[in-house]
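Residues per chain, in single letters:
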Amino acid sequence: EWSVTTYVPKDGKRELKDRRDAVSSRLGVADKLAKDGVSCTVVDLRTTSPLDKEKRPGTYVCAGCGNRLYASAHKYNSGTGWPSFYRALPGSVTTHTDRSLGMIRSEVRCARCAGHLGHVFPDGPPPTHQRYCINGVAIRFVPEGAEVPA
């Protein structure tokens, strides 16, 4: 139910080394790759994230560093099978051109730790017409009234 995309540095750029490989333990594989000096992005497969169906009020934070990323008020059902938002919290994310997998997309990263979050597409609902299609393993949900990690 998980996949990992691995990247190796080449001339200061992130380049795709391998396509997605099914893995049984996302954290074990990510830890091993990090020890081997390879950066990686852990991705949940479509429809597997319980956060896609999360409806409670709250905040979505970066699973890596706790940075506040998205308000539940900006979440909507895009029909993609991944948690989707039409707006990020101000200053919380950055976007970068992603040319992997034979296409050009806008990658979304956490502004604090630069962790890969997903991609943003220009086919979302008003008022922004943006669809932040976010990997469920890259974010955590913090219910309203609970303490958001620092």
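Residues numbered from 1 in each chain as written. Predicted model: local features only at pLDDT ≥ 70, side-chain atom pairs only at ≥ 80, totals over all residues. Heavy atoms only, no water.

1. Details of the sheet that holds strand β5 (residues 58-62)
Turning to step 1, where the next piece is worked out: Taken in spatial order, the 3 strands line up as β6-β5-β13 in an open sheet, and their pairing is antiparallel. With partners counted over all chains shown, the strands left at the sheet margins are β6 (68-71) and β13 (139-143), one partner each. On average, each strand axis in the sheet is inclined to that of its neighbour by 30°, with strand direction left out of account.
Turning to step 2, where the next piece is worked out: Across 3 bridges, β5 lies against β6 in antiparallel orientation. For Thr59, the partnering residue across the bridge sits in β6 and is Ala71. (Pairing = 2+ DSSP bridges. Helix = DSSP H or I, 4+ residues; strand = E, 2+ residues; numbered from the N terminus. Axes fitted to C-alpha atoms, helices over the stretch in contact; angles between N-to-C directions.)

2. What to know about the sheet that holds strand β12 (residues 131-134)
Turning to step 1, where the next piece is worked out: Pairing is antiparallel across the open sheet formed by 6 strands, whose spatial order is β7-β8-β12-β11-β10-β9. Strands with a single pairing partner mark the edges of an open sheet, and in this sheet they are β7 (75-76) and β9 (93-98).
Turning to step 2, where the next piece is worked out: Taken together, the 4 bridges between strand β10 (residues 105-110) and strand β11 (residues 116-121) define a ladder with antiparallel strand orientation. Paired with Ser106 across the two strands is Val120, which belongs to β11.

3. As for the environment of Trp82
Turning to step 1, where the next piece is worked out: Mapped onto the elements of the fold, Trp82 is located in the loop between β7 and β8 (84-85).
Turning to step 2, where the next piece is worked out: Considered as a pair, Trp82 and Gly136 are 54 residues apart in the sequence and their alpha carbons are 6.7 Å apart.

4. Things to note about the side chain of Glu107
Turning to step 1, where the next piece is worked out: Within the secondary structure, Glu107 is located in strand β10.
Turning to step 2, where the next piece is worked out: Exposure remark for Glu107: the relative accessible area of 3% places this residue in the buried category.
Turning to step 3, where the next piece is worked out: Only 2.6 Å separates the side chain of Glu107 from the side chain of His116, close enough to count as a polar contact. (Buried < 20%, exposed > 50% of the residue type's maximum accessible area, 1.4 Å probe, protein only. Polar contact = N/O pair within 3.5 Å; in protein donor to acceptor, adjacent residues only side chain to side chain.)

5. Thoughts on unusual backbone geometry
Turning to step 1, where the next piece is worked out: The peptide bond linking Pro126 to Pro127 adopts the cis configuration, its omega dihedral lying at 10°.
Turning to step 2, where the next piece is worked out: Although it is not a glycine, Ala114 sits at a positive phi angle of roughly 65°.
Turning to step 3, where the next piece is worked out: Structurally, Ala114 can be placed in the loop between β10 and β11.

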